[in-house]
Amino acid sequence: MNAQTKIFERLANDKPLFASHQSVQKPLDGYVSTSSLYSTRRAFEQISSLSKPIIQYNPMEVWEQDTRRLPRQLAKYRREVRDFSVQHLQPFAQEIDLAEHLPVGLSHPGIDKLLKLAAKKGFFSDMLPKPLGSVPLLRYRYPLAWQQAIKVEELARSCGGLMLLLSAHNLGIAPLLMSGDLGAARRFLLPALKENNSGEPHLFAYGITEPAAGSDVEEGHGASLYKPGTVAKRVSGGWKITGRKCFISGGDIAKSMTIFAALEGEGIESWTCFLVRKNMPGFSVVRNELKMGMRASSAAELEFDHVFVPDSHVIGGLRNGWAINRSILNLSRLPVAAMAVGFAQGATDAAMDFVCRYKLGGKGLIHYQETQLELAQMVADTSAIRSLVWQSSQSWVSTQGKSALNKFYCTDLAVKVCERAMDMMSNHGGLHCNSAEKAFRDARLTQIFEGTNQINRLALIEDIQEQLMSKMS
Ligand SMILES: Cc1cc2nc3c(=O)[nH]c(=O)nc-3n(C[C@H](O)[C@H](O)[C@H](O)COP(=O)(O)OP(=O)(O)OC[C@H]3O[C@@H](n4cnc5c(N)ncnc54)[C@H](O)[C@@H]3O)c2cc1C
């Protein structure tokens, strides 16, 4: 029996600490029962039928209320992704999170099966409408950022690592979509989407980070001073790429990668996006990092040792890489904010389950008003960041300031929600086998990637720089 199983057994047998389900049927301390004349439910029964359309008692879960307010196609999609997440991610989440860190080339049982299922479900081809991709035409009326926000929140609610395993691919294909390079999209994207639609995963990874540059490849001032470490040298018929990229999500399992390199002798202004295949000679995966969270998704260090890439594999034209990268960050920071909503929701779910079952001083923890105040704050914070993400993603055009503020605000608040959940669960909140602690570790990484939250704050200021400067004279 492993340590985790022992902890689960102990929790299950902790009878004196956990209240039975029957004992929580009476009203919470400090509240009247829902059948009392003073309750909202009973009071609103007396309201005139003329007022009923605008005055209702609605004890429905926030998740259900939010879903019903979405346009029909998106509500349907949210339910579908939720079902997939509960069925295929949730049961696997704890096991994969605590599994041994495997060397490059090995993967945990279950991962391949999940990737195939997700490919069949259309998760790796959901940036384009049918018949090119998997999105039904009626749903494609709504911005991709909104659709992706709905998807990643539901996946993250179950497991951050499995969510990133299934989502990083869209970042990898983004240069093919955002560059406007129709030829490249036809050559590389469509065949891969076809494979994915048929249930055979063809994953892409996105490579900008280098061992000496994370923020410097995500903001202009640092970039203007940085001497790029990954360089493309002109040779007959193409380019030879040399250098390393690090912390690349899914870089070890991707068949194709969109890799950014400077042209030899030039700075980041020459950055160019190259499509690199896993089987190109000179390419290797050096290692996968042992991370604190999102452990089901690899963060791989990739080496390019004079990898020959033909001219046809240049995406979006020479020296257009910096613009492509900046536009992709504007798009991808919104789904990162949505991941944070999923973690906050997952931690809130875990805390709610705990306080309704745990007993303190002879009564359930939920009966303490301090607990209720904390829980109310968690529900409100989670709802607020979801509203912000949904409101911001209702446009096809993602702007730098809006995306950046979503990213840092939602991820910071989600970490706080996870901490509140762990506080409520005290000893149990610190155990590896509870989902609040896991959500905390997963959420903590969203404060770092897609630009640290410091860099995202600076990106917001950069976006309003002209406005600020106009006030200076
Ligand atoms: C789980 C995970 C997945 C990732 N996936 C990918 C991926 O798929 N593809 C990819 O290319 N990269 C990926 N990354 C890399 C990620 O984007 C970088 O780690 C991130 O940008 C931080 O870079 P860094 O560690 O080099 O920090 P640095 O740039 O070295 O920054 C160090 C510190 O200095 C601060 N700092 C830097 N510049 C400034 C400034 N001008 N003003 C104020 N403070 C500053 C930073 O905020 C940070 O606190 C991933 C990272 C993680 C953790």
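Residues numbered from 1 in each chain as written. Predicted model: local features only at pLDDT ≥ 70, side-chain atom pairs only at ≥ 80, totals over all residues.

## Looking at the domain arrangement of the protein chain
Convention followed: Each domain's extent was defined by an automatic or database domain assignment. We call two residues in contact when their backbone-placed C-beta atoms lie within 7 Å. Charged means Asp, Glu, Lys or Arg here, nonpolar means Ala, Val, Leu, Ile, Met, Phe, Trp, Tyr, Cys or Pro, and polar covers whatever is left, Gly included.
Here the domain parsing of the protein chain yields domain 1 (64-202), domain 2 (205-322) and domain 3 (329-470). Taken over C-alpha atoms, the centre of domain 2 sits 31 Å from the centre of domain 3. Counting residues at the interface gives seven residues for domain 2 and 10 residues for domain 3. Along the lines of polarity and charge, the residues of the side of domain 2 that touches domain 3 split into two nonpolar, two polar and three charged.

## With respect to the site of the ligand
Convention followed: Only the C-beta atom matters for nearness: placed from the backbone, it must lie within 6 Å of the molecule or strand for the residue to count as near.
What surrounds the ligand is a group of 24 residues, the closest being Thr 209, Gly 214, Ser 215, Thr 452 and Gln 454. In terms of residue class, the shell around the ligand is built from 12 nonpolar, nine polar and three charged. Split by domain, the residues of the shell around the ligand number at least three in each of domain 2 (205-322) and domain 3 (329-470).

## Overview of the confidence of the model for the protein chain
The test is simple: On a scale of 0 to 100, pLDDT captures the predictor's confidence in every residue.
The share of residues in the protein chain with pLDDT of 70 or more is 95%, and the mean pLDDT across the chain is 93. Below pLDDT 50 for its whole length, residues 1-12 participates in eight contacts with residues either more than four positions away or in separate chains. Across residues 19-24, confidence stays below pLDDT 50; counting only partners more than four residues off in sequence or on other chains, it has eight contacts.

## What to know about the pairing of strand S4 (residues 256-263)
Basically, it comes down to this: Working definition of burial: number of other C-beta atoms within 10 Å of the residue's own, with buried at 20 or more, exposed at 12 or fewer, and partly exposed in between, all C-beta atoms being placed from the backbone. Helix and strand assignments follow DSSP, with helices taken as H or I runs no shorter than four residues and strands as E runs no shorter than two, numbered in order from the N terminus. A strand pair is defined by DSSP finding two or more bridges across the two strands.
Along S4, seven of the eight residues are buried, which leaves the element largely enclosed by surrounding structure. The pairing of strand S1 (residues 204-207) with S4 spans four bridges and is parallel. What sits directly across from Gly 207, in S4, is Ile 259. By the bridge criterion, two bridges tie strand S2 (residues 231-235) to S4 in an arrangement that is parallel. Bridged to Val 231 within S4 is Ala 262. Pairing between S4 and strand S5 (residues 272-277): six bridges, direction antiparallel. Paired with Thr 258 across the two strands is Leu 275, which belongs to S5.

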